[in-house]
Amino acid sequence: MDIDFVLTGQRIREARKFRGWTAEVLAEKVGLATESLRHIENASSKPSLQTLFKLATTLDVSLDYITGRTPDLSSVLSGDCCKDFGLSETQQRMVQDMLKSIIPVIMGYL
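All values derive from a computational prediction rather than experimental measurement. Every chain is numbered on its own, with residues counted from 1 as its sequence reads. Per-residue local features are limited, in this predicted model, to residues with pLDDT of at least 70; the limit for side-chain atom pairs, both in listing and counting, is 80 or more; totals at the level of whole chains, interfaces and linings are taken over all residues. Here the side-chain values reflect all heavy atoms present in the structure, with hydrogen atoms and water set aside.

Student: Sorry if this is basic, but what is going on with the environment of histidine 39 here?
Tutor: The numbering of helices and of strands both runs from the N terminus, where a helix is a DSSP run of H or I of at least 4 residues and a strand a run of E of at least 2. Here histidine 39 lies in helix H3 (residues 34-41). Through-space distance from the C-alpha of histidine 39 to that of glycine 9 is 8.5 Å; in sequence the pair is 30 residues apart. By definition in these notes, contact holds between two residues if any of their heavy atoms fall within 4.5 Å. Excluding its chain neighbours within four sequence positions, the residues that come into contact with histidine 39 are Ser44 and Ser45.

Laid out in structure tokens, this is it:
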């Protein structure tokens, strides 16, 4: 399985914007040139594992999230994340409803 660097760049950008940081701020925090970060976010360069780790740590997200191994928030809220677990439609709706009520609380602590 290859890393989808387009998705990786999108998720880095989304996490950065969620934190309210500019590309310049994140680049400084991880020790990159701003232009290098922009290349990563635009998938025009492939970052090393060490750089991905620094970005994930600084953004307080997992490497699995950044590289697309875990679902994004929209798939969790839509219920798409539950389809591969063999849940009935009723169970999927229950999980989705639970997540919709819990996620805002969690996001309030971040």
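Having put the structure on the table, let's press on.
Student: Please clarify how the nonpolar core should be interpreted in this entry.
Tutor: It is characteristic of soluble globular proteins that their nonpolar side chains tend to be buried jointly. As used here, the term nonpolar core means buried Ala, Val, Leu, Ile, Met, Phe, Trp, Tyr and Cys residues forming a set that is joined through side-chain atoms within 4.5 Å. Exposed residues in this analysis have more than 50% of their type's maximum accessible area, buried residues have under 20%, and partly exposed residues fall in between, with area computed by a 1.4 Å probe over protein chains only. With 14 residues, the main nonpolar core has Ile12, Leu26, Leu37, Leu55, Leu59 and Ile66 as its most contacted residues. Listing elements by their share of this core, those giving two or more residues are helix H1 (5-18), helix H2 (23-30), H3, helix H4 (49-59) and helix H5 (63-66). Excluding anything up to four places from it in sequence, leucine 37 contacts Ile12, Arg16, Ala23, Leu26, Ala27, Leu32 and Leu55.

Student: Which parts of the structure should I look at to understand the packing of aromatic side chains?
Tutor: For any pair of aromatic rings, the description consists of the separation of the ring centres together with the inter-plane angle of the planes. Any pair of Phe, Tyr and Trp rings, taking the six-membered ring for Trp, is counted once the centres come within 6.5 Å. Such a pair is stacked with planes under 30 degrees apart, edge-to-face with planes over 60 apart, and tilted for the rest. Summed over all chains, the structure comprises 0 aromatic pairs. The criterion for a charge sitting over a ring is simple: Lys NZ or Arg CZ within 6 Å of the ring centre, and within 35 degrees of the ring normal. Above the ring of tyrosine 65, the side-chain terminus of arginine 11 is found at 4.4 Å from the ring centroid.

Student: Honestly, a nonpolar patch on the surface in this entry has me stumped. Any pointers?
Tutor: Residues qualify for a patch when their relative accessible area is over 30% and they have no salt bridge, like charges being joined within 9 Å and the nonpolar side chains of Val, Leu, Ile, Met, Phe, Trp and Tyr within 5 Å. Exposure was quantified through the Shrake-Rupley algorithm and a 1.4 Å probe, taking into account, for residues, occlusion by the shown protein chains and nothing else. Here a salt bridge means any side-chain nitrogen of Lys or Arg lying within 4 Å of a carboxyl oxygen belonging to Asp or Glu. On the surface, Met98, Ile102 and Ile106 cluster together into a nonpolar patch covering about 250 Å² of accessible area. Position of isoleucine 106 among the secondary structure elements: in helix H7 (residues 89-109). With a relative accessible area of 45%, isoleucine 106 lands in the partly exposed category.

Student: Please clarify how H2 should be interpreted in this entry.
Tutor: Within H2, the full set of buried residues consists of Ala23, Leu26, Ala27 and Val30. Across the axial projection of H2, the buried residues extend over an arc of 100°, all falling on one side. Buried positions along H2 lie against H1, H3 and H4. Just past H2, the residue glycine 31 takes up positive phi, approximately 80°. Starting at the helix axis, one direction is taken to each C-beta atom, and the arc is that of these directions.

Student: What am I meant to see in the pattern of salt bridges here?
Tutor: Oppositely charged side chains can pair when the atoms bearing their charge come close. As enumerated under the stated definition, the model contains 5 salt bridges in all. For arginine 13, the salt bridge is made with glutamate 41, and the minimal N-O distance between the two is 3.6 Å. A residue pair is termed long-range when its members are at least 10 positions apart, and arginine 13 in helix H1 and glutamate 41 in helix H3 qualify at 28 residues. A residue is classified by how much of its surface remains accessible, and arginine 13, at 23% relative accessible area, is partly exposed. On the accessibility criterion, glutamate 41 (6% relative accessible area) is buried. A salt bridge links arginine 16 to glutamate 41; the shortest N-O distance between them is 2.8 Å. Note that arginine 16 is positioned in helix H1 and glutamate 41 in helix H3, a separation of 25 residues in sequence. On the basis of relative accessible area, arginine 16 is assigned to the buried category, the value being 8%.

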